[in-house]
Amino acid sequence: MAGLATSLGSGAMTNAISELGGASAILAIGTNTTATHPIVALQVKDAVRKGSKLIVANPKEIELCQFADIFLQHKPGTDIPLLMGMMRVILEEELHDKSFIESRCEDFDAFEKSLAEFDLDTVEKTTGVPRDKIIKAARIYATQTPASIIYCMGITQHVHGTDNVLATSNLALLTGNMGKPSSGVNPLRGQNNVQGACDIGSLPNVYPGYQAVTSPEAKAKFESAWGVELSGTPGLTHTEIFDACHEGSISALYLVGENPVLSEANANHAIESMKEVDFMVVQDIFMTETAELADVVLPAVTFAEKDGTFTNTERRVQRVRKVIDPVGDSKPDWWITCQLSKRLDGKGFDFSDPEEIMEEISSLTPSYKGISYARLEKGGLQWPCPTTDHPGTPFLHAEKFGTDSGKGKFRPLTYGKPGEEPDAEYPLLLTTDRSLYHFHSTMTRRVYGLNVLKNEELLNIHPEDASRFGVSDGQMVRVVSRRGEVEVKAKVSDSFSPGTVSMTFHFAETPTNVLTCCELDPVAKTPSTKVCAVKLEKVA
């Protein structure tokens, strides 16, 4: 989110999901779309059937490669040189949109100079992608308009994740693929309401509507609305909180809908951190592995037991309606939060239902101002929706960007090493992957049918590496990193290049994230879970 917010003024998906079907070219980078966002993948496939050119850039040969015009199988962590190499081709062949750059962008000269280090010989050596493929991909993206970019965690979960995102933005700006239908840069959110959680201030540096905590005007606005004194200092990010717990500067932890025992990078560190606090509360719909560590567990309801709204990856606010009464003693999250706040003498929590909460959101959040339950009865609305008669906004930046100047900002980029790299002791590079059948396991591992489809973790290993380390298909091996180890069944597969192995992280029996690296992106503070050096040991 930080990258797009810097370059475009908004960290959200710029275009609607349905617009992918009308794109003349699509670049899918760092996303295993059929596994993580199958509905979005249907739009991509539909576009291909209509004649769209599909470029897939991924360390893994994913299902979408079957539909692609070109597959760029780059090494994990080399997204910046790959994208900058494509942009150098576009500039050298004068395929860039000069008019768009001159009228709607700024800082182009500094960006252009930064391309000097990305000659194709260097890019090919760094990424492992042949130069002729890079040239072909660049030409397709630049000449087939409108062109759309989609990406997911394969772009963001790196030590230079923010720069990766900026590279995608640079590419779209360079070719004028912004501010019109079926174009743009489109991050695919990992869960159904991630976008909504961010929109209403579940970030350490902003109030609802991305109004900065450091802004005196925003601070005064929310102090007046809420009747309390607020801090003007941003809080800690998700990963920084665990570090603070481990160091002893946080003594109590309240986790809502989160299972870091399985999902957190360097999970052993997270577990140790949670054990360090004096008091921990977990609020969730099941007794998760994390809830087992809690002092108090507050049972929450599922989507089917509550009213409210979700805001999905395309900025679409949609109603959620209760189908069944809450099971047992479980309660809606909003009700639990209000009750706790009241018992701590908190002000402003006298809501009787979620609709009243939405009314407050609309009154304080400019992009949600025109959204109400009455309007949502007729269907979802995409923000920004500034007035009660506004139809919503399918694509952003039609006339101006959300930056201070109203212009899209090019950013000069350099390439740094992707954090942890293989060496003599840890000769393989582990990257995490996703399965179509499971998410973080809190819900999906409790579904019998999904466990029939996939019931165990597998280590994907290339035949050359299997031969090199004496590993056979189906054999149990021990995967060891600098942070932990797990035992897992090997699956010999050529979906990754030699030197790279992969695992999902859905199985408590094989907690992959005890292996992963927690080195952080300096801006977004996202851990580099996509790059982790490991070694293999045989299990007796």
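Provided above is the structure to which this section pertains.
Below: a short report on this structure. (Residues numbered from 1 in each chain as written. Predicted model: local features only at pLDDT ≥ 70, side-chain atom pairs only at ≥ 80, totals over all residues. Heavy atoms only, no water.)

Together, Tyr-254, Val-256 and Leu-340 make up an exposed nonpolar region whose accessible area comes to about 240 Å². Summarising the element assignment, Leu-340 is placed in helix H16 (residues 333-343). (Patch = residues over 30% accessible without salt bridge, like charges linked within 9 Å, V, L, I, M, F, W, Y side chains within 5 Å. Areas by Shrake-Rupley, 256 points an atom, 1.4 Å probe, with all protein chains shown as cover. Salt bridge = Lys/Arg side-chain N within 4 Å of Asp/Glu carboxyl O. Helix = DSSP H or I, 4+ residues; strand = E, 2+ residues; numbered from the N terminus.)

What follows covers the sheet that holds strand S1 (residues 25-29). The strand order across the open sheet built from 5 strands is S3-S2-S1-S5-S6, with neighbouring strands paired in parallel fashion. The open sheet has two free edges, formed respectively by strand S3 (70-72) and strand S6 (185-187), since each of these has just one partner strand. On average, each strand axis in the sheet is tilted by 15 degrees relative to the strand beside it, whichever way the strands run. Both strand S2 (residues 53-57) and S3 contribute to a ladder of 3 bridges, which runs parallel. The residue bridging Val-56 from the neighbouring strand is Phe-71, located in S3. Most of the contacts of helix H4 (residues 79-92) go to S1, to which it runs at about 160 degrees, and overall it touches S1, S2 and S3. Sitting on the sheet, helix H8 (residues 131-143) is in contact with S1, S2, S3 and strand S5 (147-151), with an inclination near 120 degrees to S3. (Pairing = 2+ DSSP bridges. Axes fitted to C-alpha atoms, helices over the stretch in contact; angles between N-to-C directions. Contact = heavy atoms within 4.5 Å.)

Quick look at the pattern of salt bridges now. Within the structure shown, the criterion is met by 24 salt bridges. Its salt-bridge partner being Asp-46, residue Lys-50 comes within 3.1 Å of it at the nearest N-O pair. Residue class for Asp-46 comes out partly exposed when judged on its relative accessible area of 25%. Taken together, the salt bridges that share partners define one network made up of Glu-420, Asp-423, Arg-482 and Arg-483. (Buried < 20%, exposed > 50% of the residue type's maximum accessible area, 1.4 Å probe, protein only.)

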